[in-house]
Amino acid sequence: MSEPQAYLNGAYLPQSEAKLAVSDLGIVYGAAVTEMVRTFQQRPFMLEAHLDRLYAALEYACIDTPLTADDLKRICLNLIEQNGALLPAGEELGLTVFVTAGQNLPYLGMAELDACRTPTVCVHTFPLAFELWDQKYTSGQYLIRSEVEQLNPRVFDPRVKSRSRIHLYRADKLIRKQVPAASALLFDEQGFVAETTIGNFFLVQDRIMLTPRPEYVLGGISQMMTARLAKQLGLDYVETDISEEMVLQADEALTSSSGYCLMPVTRYNDHFLSEGKPGPVFQQLITAWSQEVGVDIIAQAQQIGAARRGQLS
């Protein structure tokens, strides 16, 4: 086997053949929920927590699935074992699971009613793109306040990880028209910090770690890890409203996400944070995370990222 395998609706097949029909509600409505997991040493990180969040999202979105969480876990582990063997030594996989609401009945008609009631379930993997973020561990991220607001929880619960995320796509697109290297930081309708387009947000002030209230953001699995490590390091961890003024006054700012784990923010709008370089709490947290998973997270990303840029030059 030279091509990675994917799982689609009960079958394993070459990933290039895993395709959705144009009538799938994941395409027609964006009616799909999803999770992305990464590996460390070819082992999935917090897979059960990701699947718990997926099934909670399925219930909220009124999408049924024929697979149990145990079924889906076995599929994930099988693909990681098969596809991980195709990677060069030292590289890692990202794994994506998504479930759509099935086929669109008005496109197919009553003759296909059963098919339209059957959700689409897909699992696939990809090599983690370390070259997209490896340099930011030392330079930090540049965030700019987005004119696009966070999802209104009265319309759709922002704690649900769905594929209906065009507002996040638009937020980064608008920011990058101004500054191509920057990313969007979204605020809620009350003017408090919510999250970035791919990660949770944290401030550090006087050994207190602050993060937005959970009811207004997608609660991240990496956020859970960050909270646990912060408490182990003796930091107070507080979920609260975060104003823009608090961002400007903070000792440090950080974000977390499944791919890169934890990343410093060194610039917000025109203001430099932690003197424009990663701060000590970030360094302590990423070191603790690396020890936890048995991988030097920064060194791995920088080694693979540099090698890939060398191949492109």
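This text goes with the structure placed above it.
Residues numbered from 1 in each chain as written. Predicted model: local features only at pLDDT ≥ 70, side-chain atom pairs only at ≥ 80, totals over all residues. Heavy atoms only, no water.

Q: Quick rundown of the nonpolar core? Include the residues and the values.
A: Core analysis: the largest hydrophobic core is formed by 33 residues, its most contacted members being Y137, M209 and W289. Looking at this core, the elements with two or more residues in it are β3 (32-40), β10 (200-205), α8 (221-232), β14 (261-268), α10 (280-293) and α11 (297-312). Per-element accounting of this core gives the leading share, seven residues, to α10. Here this core spans two domains, and each of domain 1 (5-128) and domain 2 (134-301) adds at least three residues to it. Not counting residues up to four positions away in its chain, the partners in contact with Y137 are Y260, L262, M263, P264, P278, F282, I297, I298, A301 and Q302. Listed in part, the 23 residues of the second largest apolar core include A57, L87, L93 and L95. (Core = buried A, V, L, I, M, F, W, Y, C linked by side-chain atoms within 4.5 Å. Buried < 20%, exposed > 50% of the residue type's maximum accessible area, 1.4 Å probe, protein only. Helix = DSSP H or I, 4+ residues; strand = E, 2+ residues; numbered from the N terminus. Domains from an automatic or database assignment. Contact = heavy atoms within 4.5 Å.)

Q: Please provide a residue-by-residue account of the pattern of salt bridges, values included.
A: Applying the stated criterion to the full structure yields 15 salt bridges. Notably, a salt bridge pairs R53 with E35, separated by 2.7 Å at the nearest N-O pair. On the criterion of sequence distance, the pair formed by R53 in helix α2 (residues 47-61) and E35 in strand β3 is long-range, its members being 18 residues apart. On the basis of relative accessibility, which here comes to 13%, the residue R53 falls in the buried class. In this structure, the salt-bridge partner of D134 is R309, at a minimum N-O distance of 2.7 Å. With a gap of 175 residues between them, D134 in the loop between β6 (120-127) and α6 (136-139) and R309 in helix α11 connect regions that are remote in the sequence. Exposure remark for D134: the relative accessible area of 2% places this residue in the buried category. (Salt bridge = Lys/Arg side-chain N within 4 Å of Asp/Glu carboxyl O.)

Q: Let's hear about the packing of aromatic side chains: which residues, and what values?
A: A complete count under the given rule lists six aromatic pairs for this structure. Centre to centre, the rings of Y7 and Y12 are 5.5 Å apart; their planes meet at 70 degrees, and the pair counts as edge-to-face. Judged by its relative accessible area of 7%, Y7 falls in the buried class. In textbook terms, an aromatic cluster arises when at least three aromatic residues are bridged by ring pairs, as seen for F40, F45 and W289. The ring of F187 carries R145 above its face, with NZ or CZ at 3.8 Å from the centroid. (Phe/Tyr/Trp six-rings, centres within 6.5 Å; stacked < 30°, edge-to-face > 60°. Lys NZ or Arg CZ within 6 Å of the ring centre and 35° of its normal.)

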